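Structure assessment
Read off the chains here:
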Amino acid sequence: MSELRFEVAGCEGPMQFFSGLSKATIAHAYLFVGPQGVGKKTFARQLAQSLLCEAHKDSLLGYDGICSACKQIGAGTHPDLMESSGALKIGERDSSLAFGETEEMTARDLVRQLSLQSYAGGFRIFILGDVDFATHHAANALLKFFEDPPASVILLLTSATPGRLLPTIRSRLVEVQFSSLSSADVQAVLTTQGYSPADAKLGGVLGQGSVTRALAALDSGEDNPRTETMRWFFEVVNGEVPQANWVTRETLDEGLETIKTLVRDWTVLSIAGRDAPILALDAEKNLRNLRALRAEDATRILMRITDAQKLARTNVSPTLVAEMVRMHLSPAPSAKS
Amino acid sequence: MKFTCNTKDIGAAVGAASKVVNAHTTVPILSNVLLTADGEKISVRATDLEVTLEHAFPAEVAESGSVTVPAKLFSGYLSNLPPGLLELTGTPTRASVKCERSNYDFHALPADEYPPLPAAQKGQRFSISAKRFRDGVNASIFAASGEEARGAVLMGTLLELENDSLTMAATDGYRLAKWQTTLEQGISGTEKYIVPSRALAEAARNLGSADRIEVCALGAQSNQLSISAQDTSIVVRLVDGQYPNYGQVIPPKFDRNVNVSTAQLISALKRAELVAGDRASMVKLAVSNQTMIVTANSDVAGNAYEELEVEQQGEDLTIAFNARYLVEILNHIDSAQTLMEFLGPLSPAVMRPLEPAEGANQMYVLMPLRQ
């Protein structure tokens, strides 16, 4: 018998939870809640593979990676596993089209697949990553399946913002919490992805518990939002009024998190001295050249960035949010002179 | 793998299979057809994970194996080949084809990533003449819903088996088509399968010219249905759900009926519908003194008036229908005369052929419109 695998870094809590379940006691729908980049989707995929794997096993978790089902999952062709990511639209279209004849998965596609019997005769598993329903119509189209799921269907939803889900849907889901990863966990994941030990270590620090954030930080491309955000930050604190090119609806939250880290490091250097350890190692030189920041100013700026992060998750213009942060970061006229 | 075959055989097989392929799938290998050489035959398989079609044809196999090739591209290439022999050599990444003085290399994807046919246990099975199966599919599936918003159950067609009786029923909530026949080889007990109507249409198109069709449920919970004939088989995933109790909408008795020429009524309705177009295609049928008067009117287009001779039994009646639905039903009635049965202006009306085709019973129910 081949060895079974289940490898998701830093997810001991969820692993313990699911290890206590069996195919008979598993619920029909779970909501994996936690910050971005902590392994929710990876866990959902491996849980799905464990449930579909044909290998005999005593525990719920684990797959052999070599059976027919595992090969199909690897190739993305398992008929009983569907995965979508992001906002689901309702998907009204010409009914003469067959299933999936649009580039993106829609709520109607999901409803159609939920309505079909299992292909292989076992579970049918649906992973809705970073689930968000673009409209109430999309949510309502799926509501019936959350309320009264067909036999052997398992829905695995992941979300960093579960509050955006309709209460009627959320109340039907079993919530499983995923916490931020340790630096060592992030470093381990980056190492398995082929990063050098130095980059993995840097990513472990910059990621602040999130592999997604670590990967974004290590991306050294010219249009890397982190690089652009840092350039904007240092120009602002030096009294300039730069173009906020890093600001889009998608990058705002991540950018604000980067700014928060930079302010944190700036504060540490100002209060604990020039030799204090910092998180943003890739901005070390610029940070050490900054003027000293007073503790009360640091507190005020950090509070305003937290406010901006809250606004960033609403419908407020991203440019306005960035402008608000710029006003608080800019030095007072006396400091500038 | 390596084989030599007739260009016509492989062209027909790949052409039929490529119709199942979803051109816009996001899974690259599902754009391909799987060719498998084994023994003295080649099987060509295509799937969109809902419907799987497999067709086999004879070939001279030099080396067994499998290869997947892009369906539309390969089908287009084969359809332009002259009659003759073709030699295909397949590797996990390439399919090389030699035909007369032309050589083509097609990029392939690994065949072991192609979804396998379910190796499920076989359940109830029955057989039916291919012509009768095609008649049943044609007579019923048009009434299934085309609106995804109404759910997959109503988009499917119900196959209801009770010993040697097979009923195909489809409804979209406004009309119902029911077709029933007696099987030579039925099943023991009762079974109900909700089959996606698209799959039945595919089966009727691909298997309709065969002699007999074998239908077999697959899986412990009858999750799939295999419909096969000779060298072609279609495996379809069944719809998971409860089909509405359609018998409830069929009135148990009628108090009047009309026998009308099918062709004349279709013709009159098509003309009247042109006028009624902007009012939910509403036409009124007034039956009185052995005459049916078809009327329609709208503020924009004007008025329509048609008179037809009918054989009337029972009291006079005026009833309104959606002309498009009624024409569609009449188009599927395989008889010169149609029997229309009524209970009143607001009860569902029933239409059936006056002289039903041998061995099959057809019945259609249509909800009237409020006048």
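Residues numbered from 1 in each chain as written. Chains lettered and ligands numbered in written order. Predicted model: local features only at pLDDT ≥ 70, side-chain atom pairs only at ≥ 80, totals over all residues. Heavy atoms only, no water.

1. A closer look at the overall build of chain B
Counting its secondary structure elements, chain B contains seven helices and 26 strands. Projecting the C-alpha coordinates of chain B onto the three principal axes gives extents of approximately 75 × 50 × 35 Å. Across the 371 residues of chain B, 54% fall into the buried class. Intrachain contacts of chain B at a sequence separation of at least 6 include 66% that bridge at least 24 residues. Here chain B has roughly 16,400 Å² of accessible surface; of this, 47% comes from carbon and sulfur atoms. Mean positive and mean negative side-chain charge positions of chain B (31 and 42 charges, respectively) differ by 3 Å. (Helix = DSSP H or I, 4+ residues; strand = E, 2+ residues; numbered from the N terminus. Buried < 20%, exposed > 50% of the residue type's maximum accessible area, 1.4 Å probe, protein only. Contact = heavy atoms within 4.5 Å. Areas by Shrake-Rupley, 256 points an atom, 1.4 Å probe, with all protein chains shown as cover. Lys, Arg positive; Asp, Glu negative; His and termini not counted. Charge placed at Lys NZ, Arg CZ, Asp CG, Glu CD.)

2. Observations regarding the packing of helix 7 (residues 183-192) of chain A against helix 8 (residues 197-206) of chain A
All names here are of chain A. At a closest axis distance of 8 Å, the pairing of helix 7 and helix 8 adopts a crossing angle of 140 degrees. On the basis of their axis angle, the class for helix 7 and helix 8 is oblique. Like other packed secondary-structure pairs, helix 7 and helix 8 cross with a definite hand, here right-handed. Note on element contacts: helix 8 touches helix 7 through D199, A200, K201, G203 and G204, opposite S183, V186, Q187, L190 and T191. (Axes fitted to C-alpha atoms, helices over the stretch in contact; angles between N-to-C directions. Parallel < 35°, antiparallel > 145°, perpendicular 65-115°, else oblique. Left-handed = near helix turned anticlockwise from the far one by under 90°.)

3. Digging into helix 5 (residues 136-147) of chain A
Spanning twelve residues, helix 5 of chain A covers 16 Å between terminal C-alpha atoms, matching the ideal 16 Å at 1.5 Å per step. Buried residues of helix 5 of chain A: A138(A), A139(A), A141(A), L142(A), L143(A), F145(A) and F146(A), and no others. (Expected span 1.5 Å × (residues − 1).)

4. Observations concerning the sheet that holds strand 3 (residues 124-133) of chain A
All names here are of chain A. On the basis of which strands lie adjacent, the open sheet formed by five strands has the order 2-3-4-1-5 and parallel pairing. The open sheet has two free edges, formed respectively by strand 2 (81-88) and strand 5 (174-177), since each of these has just one partner strand. Each strand axis lies, on average, 20 degrees off the axis of its neighbour in the sheet, ignoring direction. Direction of pairing for strand 2 relative to strand 3: parallel, over a ladder of seven bridges. Residue E83 lies in a different strand from strand 3, and its bridge partner there is I127. Running over the sheet, helix 5 touches strand 2, strand 3 and strand 4 (153-159) and is turned about 145 degrees from strand 3. (Pairing = 2+ DSSP bridges.)

5. Describing the pattern of salt bridges
Residues and elements named next belong to chain A. All chains considered together, the criterion is met by 29 salt bridges over all chains. Residues E83 and R45 are paired through a salt bridge, measuring 2.8 Å at the closest nitrogen-oxygen approach. With E83 in strand 2 and R45 in helix 2 (residues 40-52), this pair connects stretches of sequence that are 38 residues apart. Residue E83 is classed as partly exposed on the basis of its relative accessible area of 34%. Judged by its relative accessible area of 37%, R45 is partly exposed. For D265, the salt bridge is made with R264, and the minimal N-O distance between the two is 2.6 Å. The class for D265 is buried, based on a relative accessible area of 0%. (Salt bridge = Lys/Arg side-chain N within 4 Å of Asp/Glu carboxyl O.)

6. Some thoughts on the state of the cysteines
Throughout the structure, instances matching the rule amount to zero disulfides over all chains. Free of any disulfide, C5(B) has its nearest cysteine sulfur in C99(B), 9.2 Å distant. (Disulfide = S-S within 2.5 Å.)

7. Some words on the confidence of the model for chain A
Here chain A averages 84 in pLDDT, and 92% of its residues register 70 or above. Taken together, the stretch residues 93-102 of chain A has pLDDT below 50 and engages in 24 contacts with residues farther than four places along the chain or on a different chain. (pLDDT = per-residue confidence, 0-100.)

8. Examining the nonpolar core
Counting 110 residues, the largest nonpolar core has F74(B), M292(B) and M351(B) as the members making the most contacts within it. With seven residues, helix 6 (residues 262-276) of chain B is the largest single contributor of residues to this core. By size, the runner-up hydrophobic cluster in this structure holds 34 residues, among which are F6(A), F32(A), A48(A) and I154(A). (Core = buried A, V, L, I, M, F, W, Y, C linked by side-chain atoms within 4.5 Å.)

9. Description of unusual backbone geometry
All names here are of chain B. Within the chain, Q230 stands out as a residue other than glycine whose phi angle is a positive 45 degrees. Among the secondary structure elements, Q230 is positioned in the loop between strand 16 (224-229) and strand 17 (232-237). Non-glycine residue N289 carries a positive phi angle of around 50 degrees.

10. Focus: the domain arrangement of chain B
Residue and element names in this part refer to chain B. The domain boundaries assigned to chain B delineate domain 1 (2-113), domain 2 (122-247) and domain 3 (250-366). Each of domain 2 and domain 3 was reduced to a C-alpha centroid, and the two centroids are 28 Å apart. Facing the 16 residues of domain 2 at the interface are 14 residues of domain 3. Between domain 2 and domain 3 the total buried area reaches about 1,300 Å² when both faces are included, carbon and sulfur atoms providing 52% of it. Along the contact surface separating domain 2 from domain 3 lie one salt bridge. With its nearest N and O atoms 2.7 Å apart, the salt bridge here joins R175 to E328. Of all the secondary-structure elements, those providing two or more residues to the side of domain 2 that touches domain 3 are helix 3 (130-140) and strand 13 (175-182). By residue number, the principal contributor to the side of domain 2 that touches domain 3 is strand 13, which donates eight residues. (Domains from an automatic or database assignment. Buried area = accessible area lost by both parts, 1.4 Å probe.)

11. Overview of the interface of chain A and chain B
Contacts between the two partners involve 28 residues from chain A, matched on the other side by 29 residues from chain B. Of the roughly 2,800 Å² buried at the junction of chain A and chain B (both faces included), carbon and sulfur atoms supply 48%. Interface area lost by chain A to chain B is led by R112(A), Q117(A) and Y119(A), which between them contribute 28%. Here chain A and chain B share three salt bridges between them. Where D240(B) meets R124(A), a salt bridge forms, and the shortest distance between an N and an O atom there is 2.9 Å. Scanning the region where chain A abuts chain B turns up ten residue pairs in polar contact (both at pLDDT 80 or more). Secondary structure elements with two or more residues in the side of chain A that touches chain B: helix 3 (68-75) and helix 4 (107-115) of chain A. At four residues, helix 4 of chain A tops the list of elements feeding residues into the side of chain A that touches chain B. For the side of chain A that touches chain B, a count of residues per class yields nine nonpolar, twelve polar and seven charged. (Polar contact = N/O pair within 3.5 Å; in protein donor to acceptor, adjacent residues only side chain to side chain. Nonpolar A, V, L, I, M, F, W, Y, C, P; charged D, E, K, R; others polar.)

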